[in-house]
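Chain by chain, the residues:
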Amino acid sequence: DRVNFESPNVVLAHAERECLRMADIVNSMIKDSLQDSLDDNQDLVEDIRARDNKVDILNREISLFITKFMDSNDGILHRQMVRLFGYASDIESAADVVDNSILDLARKKHSLKLDFSDSGWREIENLHIAVMEVAQLSVSCFQLQDKDLAAKVVFKKRVIRKMEKTMREAHIERLVQGRQ
């Protein structure tokens, strides 16, 4: 409630803490999504979907909370509130990718009874490790507001894009050869 906060800095601290909680939830979703791709575990799918719903609620509540205070603040505090607003939205989008894309692909894999080749699965595991690293590094970057960490995040995202391209080419080559 607005009357409970005397300082905009307290508002920012609470909103940032909740954004970090959202990020922890999303990182756990990313971590567990690989296991679901391997196993057809409906309990895990439901748990990941429940976490996505929690992230959706947190995003909405953080956004509503921040916007209540944005009109009375300008300058640096306003920019920090906008930063939190954007970060919460980005985190929620990442949760949606896990829920709407990765889980759906895993479901299709299981329903069609498809398997990955050993080399294909190793590629996926390596990509998963890289994505988890960049996700965790992104949280640290947000928390510390460190430009050097930001540069590392951007670099690692480029590496991931290159990995994805290489993996796609290797996948197509396996298909051309009639392999999994």
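Read on for an overview of the structure.

Criteria and thresholds
Residues numbered from 1 in each chain as written. Predicted model: local features only at pLDDT ≥ 70, side-chain atom pairs only at ≥ 80, totals over all residues. Heavy atoms only, no water. Helix = DSSP H or I, 4+ residues; strand = E, 2+ residues; numbered from the N terminus. Buried < 20%, exposed > 50% of the residue type's maximum accessible area, 1.4 Å probe, protein only. Areas by Shrake-Rupley, 256 points an atom, 1.4 Å probe, with all protein chains shown as cover. Axes fitted to C-alpha atoms, helices over the stretch in contact; angles between N-to-C directions. Parallel < 35°, antiparallel > 145°, perpendicular 65-115°, else oblique. Left-handed = near helix turned anticlockwise from the far one by under 90°. Contact = heavy atoms within 4.5 Å. Nonpolar A, V, L, I, M, F, W, Y, C, P; charged D, E, K, R; others polar. 1 Å grid on protein atoms, 1.4 Å probe; cavity = no way out; pocket = protein on both sides within 12 Å on 5 of 7 lines; lining within 4 Å. Points joined across faces, edges and corners; volume = space filled by probe spheres on them.

**Regarding the overall build of the protein**
Argument step 1. The helix and strand tally for the protein stands at five helices and zero strands.
Argument step 2. Listing the helices and strands of the protein from first to last along the sequence gives α-α-α-α-α.
Argument step 3. For the protein, the spread of C-alpha atoms along the principal axes amounts to about 65 × 35 × 20 Å.
Argument step 4. Across the 180 residues in the protein, those meeting the buried criterion constitute 36%.
Argument step 5. Working note: accessible area of the protein is about 11200 Å², and carbon and sulfur atoms make up 55% of it.

**Quick word on the packing of helix H3 (residues 76–111) against helix H4 (residues 118–144)**
The packing of two helices is summarised by the inter-axis angle and the distance between the axes.
Argument step 1. Remark: H3 packs on H4, axes separated minimally by 12 Å, with the N-to-C direction vectors making an angle of 165 degrees. By the criterion of interaxial angle, the relationship of H3 to H4 is roughly antiparallel. Relative to H4, the crossing made by H3 is left-handed. Here Arg83, Leu84 and Tyr87 of H3 come into contact with H4, specifically with Ser138, Val139 and Phe142.
Argument step 2. Residue composition of the contact of H3 with H4, by class: four nonpolar, one polar and one charged.

**Remarks on the layout of surface pockets**
Argument step 1. Looking at the largest pocket, its volume works out to about 1900 Å³.
Argument step 2. Val97, Ile102, Leu127, Val131 and Glu164 are the residues nearest the centre of the largest pocket, which is lined by 47 residues in total.
Argument step 3. Residue assignment for the lining of the largest pocket shows that the elements contributing at least two residues are helix H1 (8–38), H3, H4 and helix H5 (147–176).
Argument step 4. The greatest single-element share of the lining of the largest pocket, amounting to 14 residues, is contributed by H3.
Argument step 5. Of the residues assigned to the lining of the largest pocket, the class counts are 25 nonpolar, 11 polar and 11 charged.

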